[in-house]
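# Residue-level structure breakdown
Now for the letters of each chain:
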Amino acid sequence: MILCVSIFSVSASANNNQSNVLYRAGQIDRLENESTLTNRTAKIYAAGKDVIVNKNEVDQIVAKDDLLNLDKSTSEENALNYLVKRETLYNAAKQAGFLLSDNEVNTEIENSKNSFKNSVNYSDFTVYLAGRNITEDEYWVQEFDNIKRNCTINDYLMHIQNEYAKDNKITEWSEDSLKDWQDYKANFVTDLVSSENVVIQ
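Summarised in this report is the structure supplied together with it. (Residues numbered from 1 in each chain as written. Predicted model: local features only at pLDDT ≥ 70, side-chain atom pairs only at ≥ 80, totals over all residues. Heavy atoms only, no water.)

### Some thoughts on the overall build of the chain
As a reminder, the rule being used: Strands here mean DSSP runs of E at least two residues long; helices mean DSSP runs of H or I at least four residues long; both are numbered from the N terminus. Any residue under 20% of the maximum accessible area for its type is buried, any over 50% is exposed, and the rest in between are partly exposed; the area is computed with a 1.4 Å probe on protein chains only. By the convention used here, residues are in contact when the closest approach between their heavy atoms is within 4.5 Å. Shrake-Rupley sampling with a 1.4 Å probe provides the accessible areas, and residues are treated as covered by the protein chains on show and by no other component.
Counting its secondary structure elements, the chain contains 9 helices and 3 strands. In the chain, the succession of helices and strands from N to C terminus is α-α-β-β-α-α-α-α-α-α-α-β. Burial statistics for the chain: of 201 residues in total, 36% are counted as buried. Within the chain, contacts between residues separated by at least 24 positions form 69% of all contacts whose residues are at least 6 apart in sequence. Accessible surface computed for the chain: about 12000 Å², of which carbon and sulfur atoms make up 47%.

### Notes on the pattern of salt bridges
Cut-off, in case you're wondering: By definition here, a salt bridge exists when the distance from a side-chain nitrogen of Lys or Arg to a carboxyl oxygen of Asp or Glu is within 4 Å.
For the coordinates displayed, the defined rule picks out 10 salt bridges. Taking the shortest distance from any N to any O, the salt bridge between Lys55 and Asp59 comes out at 2.7 Å. Within this pair, Lys55 and its partner Asp59 are both found in helix α3 (residues 55-67), separated by 4 residues, close to a single helical turn. Judged by its relative accessible area of 35%, Asp59 falls in the partly exposed class. Between Glu57 and Arg86 there is a salt bridge, and its shortest N-O distance comes to 3.0 Å. Linking Glu57 in helix α3 with Arg86 in helix α4 (residues 72-95), this pair joins segments that are 29 residues apart in sequence. By sharing partners, the salt bridges in this structure join Glu57, Arg86, Glu87 and Arg149 into a single network.

### Side note on the nonpolar core
Selection criterion: Note on terminology: a nonpolar core comprises buried Ala, Val, Leu, Ile, Met, Phe, Trp, Tyr and Cys residues joined through side-chain atoms within 4.5 Å.
Counting 19 residues, the largest nonpolar core has Phe125, Tyr128, Tyr139 and Trp140 as its most contacted members. Elements supplying a minimum of two residues to this core: α2 (18-38), α5 (102-117), α6 (122-132), α7 (136-142) and α8 (144-167). No other element matches the 4 residues that α2 contributes to this core. In this structure, Leu89, Ala93, Trp181 and Val189 belong to the second largest nonpolar core, which totals 13 residues.

### Considerations on the environment of His159
Following the sequence through the fold, His159 ends up in helix α8. According to the relative accessible area criterion, His159 is partly exposed, its value standing at 30%.

### Examining the packing of aromatic side chains
Threshold: Between 30 and 60 degrees the pair is tilted, below 30 it is stacked and above 60 it is edge-to-face, where a pair is any two Phe, Tyr or Trp rings, Trp via its six-membered ring, whose centres lie within 6.5 Å.
If you walk through the whole model with that rule in mind, you get 14 aromatic pairs. Their ring planes at 90 degrees and their centres at 6.1 Å tell us that Tyr128 and Tyr139 sit as a pair that is edge-to-face. Of this pair, Tyr128 sits in helix α6 while Tyr139 sits in helix α7, placing them 11 residues apart in sequence. Judged by its relative accessible area of 1%, Tyr128 is buried.

Next comes the structure, spelled out in structure tokens:
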């Protein structure tokens, strides 16, 4: 869901052929999904106190960076940083009681289906699905866990933002208060990630 939109926006700014980029992105995700199904024992790329990052996840992101002609020299490091941040936030959100139930995830999926079908980018979504060689219904089934994780993290960060506003007596966000919040969030996430002491294996 989020992936297709982000690849479309980045590819457009990078002057790539957006249909080809989306189709190839679908192929990358299809190969990753097939690899996960056939190889249950994933190779660990890095690990921390409560976080494990698998090699295939890093390779998947690096492949998409290459597709978008992004800097290869930092793509692996960026992929690792992204995955560690994602898993650390997900763990923190679950520990804080923000894990979505399956029913809540299904509601999010139904809302997303309706939004996508009414979106100007729906045709791009279908190109991505063609590359992935799955139907739209299969996509939502396969993305269930990713959507659950993303929504759980979003709800958790929204809670942190609301608490920040409450503590700082913010009733209406301004440009300055939003900047201060972004700085606070960045430091908050950095501290969480640092506590994991992640080491490449």
